Amino acid sequence: MPDMSAHLALTQLVPFAAEELDKNKVTPGVLGFVVFAVLALAVWALMKSMNRHMNSISFEETADPAAPATPEGKPAPAK
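What comes next concerns the included structure. (Residues numbered from 1 in each chain as written. Predicted model: local features only at pLDDT ≥ 70, side-chain atom pairs only at ≥ 80, totals over all residues. Heavy atoms only, no water.)

## Regarding the overall build of the protein
Convention followed: Going along the chain from the N terminus, every DSSP run of H or I of four or more residues is numbered as a helix, and every run of E of two or more is numbered as a strand. Only protein chains enter the accessibility calculation, which uses a 1.4 Å probe. A residue is then buried if its area is under 20% of the maximum for its type, exposed if over 50%, and partly exposed in between. In short, Shrake-Rupley with a 1.4 Å probe defines the accessible areas, and a residue's cover is counted only from the protein chains shown.
Scanning the protein from terminus to terminus reveals two helices and zero strands. Evaluated residue by residue, the protein yields a buried proportion of 0% over its 79 residues. As displayed, the protein offers around 8000 Å² of accessible surface, 68% of which is attributable to carbon and sulfur atoms.

As structure tokens, this is what we get:
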């Protein structure tokens, strides 16, 4: 019956952890810093990748066929 031993371990160990906890000194600790650092690096990598992909796009807007043309045959600039 492994369920009983896990339940017994949780009921025996949780009260000991609660006694050692100082409610005035609770901090995220090293694990919180590591998680934050990993998230920051992931965001930096995604932004760098997005910037590289956006710079590789060559976008040239086509002229609107309904716009009136200038005397040179080119479309009038949009205002």
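## Description of a nonpolar patch on the surface
This is how it is decided: Patch building starts from residues that exceed 30% relative accessible area and form no salt bridge, then joins like charges within 9 Å and nonpolar side chains (Val, Leu, Ile, Met, Phe, Trp, Tyr) within 5 Å. When a carboxyl oxygen of Asp or Glu is within 4 Å of a side-chain nitrogen of Lys or Arg, the pair counts as a salt bridge.
Together, Val43, Met47, Met50, Met54, Ile57 and Phe59 line one region of the surface with nonpolar side chains, adding up to about 690 Å² of accessible area. Position of Ile57 among the secondary structure elements: in the segment after helix 2 (29-55).

## Description of the environment of Ser56
What counts is decided by this rule: Polar contact is defined as a pair of N or O atoms within 3.5 Å, subject to the rule that within protein one atom must be able to donate a hydrogen and the other to accept it, and that residues adjacent in sequence are counted only when both atoms are side-chain atoms.
Within the secondary structure layout, Ser56 lies in the segment after helix 2. Given a relative accessible area of 56%, Ser56 falls into the exposed group. At 2.8 Å, the side chain of Ser56 forms a polar contact with the backbone oxygen of His53.

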